[in-house]
Amino acid sequence: PISRRALFWYRLALNLRWDGGMVAVLGIPIAVGLGAWLGAPVAYFIVLPLGWLLLLAIVSGLGTGLAMLLTRFLPAPRVRQVMLTFMLTLGLVMVIGLQGLVTGLWTRDGIVRLLEINALSRQVWLPPVWLGRALTALLQSQWRAALPWLLALLAGAAAALWLAQQ
């Protein structure tokens, strides 16, 4: 028998490995190139990987917590796969619906316009926006403006990992 805590940390490590690999290959090189092109201060290049790690902790912690919750109540592997697919699809539909509610773009064309104008990236309740705002402030050498967003990332990562273990 394996303890629930050991299983949690194993699942978290698996999630971080895959998520971290994608970020390392696709996200960080683009952000480093952008920073170099814009002449970013050294702080930008220091905070960039740390911010990505905090964002990964939020995403992986929540994903691991959801997986742990599903395995606790749905032991059959096939049912878990179907349920996870359903929950992720439902989550995406809910996010798009919420954005439609916030912006008033409820029509089919409105949702397409919403996705095209990238309104999701301007929602301050999303952790990737926290990282984006912090890095943008650091590009302009504004530490004071970046600090609240970095603290939000740190708090979000801590909360996601703590909740996932419960």
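Conventions and cut-offs
Residues numbered from 1 in each chain as written. Predicted model: local features only at pLDDT ≥ 70, side-chain atom pairs only at ≥ 80, totals over all residues. Heavy atoms only, no water. Helix = DSSP H or I, 4+ residues; strand = E, 2+ residues; numbered from the N terminus. Buried < 20%, exposed > 50% of the residue type's maximum accessible area, 1.4 Å probe, protein only. Contact = heavy atoms within 4.5 Å. Areas by Shrake-Rupley, 256 points an atom, 1.4 Å probe, with all protein chains shown as cover. Core = buried A, V, L, I, M, F, W, Y, C linked by side-chain atoms within 4.5 Å. Axes fitted to C-alpha atoms, helices over the stretch in contact; angles between N-to-C directions. Parallel < 35°, antiparallel > 145°, perpendicular 65-115°, else oblique. Nonpolar A, V, L, I, M, F, W, Y, C, P; charged D, E, K, R; others polar. Phe/Tyr/Trp six-rings, centres within 6.5 Å; stacked < 30°, edge-to-face > 60°.

1. With respect to the overall build of the protein
Part 1: On a plain count of helices and strands, the protein comes out with 6 helices and 0 strands.
Part 2: Along the chain direction, N to C, the helices and strands of the protein fall in the order α-α-α-α-α-α.
Part 3: A burial count over the protein gives 30% of its 166 residues as buried.
Part 4: In the protein, 62% of the contacts between residues at least 6 apart in sequence involve partners at least 24 apart.
Part 5: By element, 74% of the accessible surface of the protein is carried by carbon and sulfur atoms, the whole surface being about 10700 Å².

2. Points about the nonpolar core
Part 1: Of all hydrophobic cores here, the largest spans 20 residues; its most connected members are Tyr-44, Ile-58, Leu-135, Leu-138, Ala-146 and Leu-153.
Part 2: Looking at this core, the elements that each hand over two or more residues are α2 (42-73), α5 (127-139) and α6 (143-165).
Part 3: Take this core: its biggest share by element is 7 residues, from α2.
Part 4: Setting aside anything within four residues of it in sequence, one finds Leu-138 in contact with Pro-41, Ala-43, Tyr-44, Val-47, Trp-143 and Ala-146.

3. Side note on the packing of helix α1 (residues 4-38) against α6
Part 1: For the pair α1 and α6, the least separation of the axes is 10 Å and the interaxial angle reads 135 degrees. Put simply, α1 runs oblique to α6. Each of Arg-4, Arg-5, Phe-8, Trp-9 and Leu-12 in α1 lies in contact with α6, whose residues at this interface are Leu-161, Ala-164 and Gln-165.
Part 2: In terms of residue class, the contact of α1 with α6 is built from 5 nonpolar, 1 polar and 2 charged.

4. Side note on the environment of Arg-72
Part 1: Among the secondary structure elements, Arg-72 is positioned in helix α2.
Part 2: The exposure class assigned to Arg-72 is partly exposed, which follows from its relative accessible area of 46%.
Part 3: As for Arg-72 and Arg-4, which are separated by 68 residues in sequence, their C-alpha atoms are 9.9 Å apart.

5. Looking at the packing of aromatic side chains
Part 1: One pass over the structure, following the stated rule, counts 1 aromatic pair.
Part 2: Judged by centre distance (5.2 Å) and plane angle (90 degrees), the ring pair of Tyr-44 and Phe-45 falls under edge-to-face.
Part 3: By relative accessible area, which is 2% here, Tyr-44 ends up buried.
Part 4: You can call Phe-45 partly exposed: its relative accessible area is 31%.

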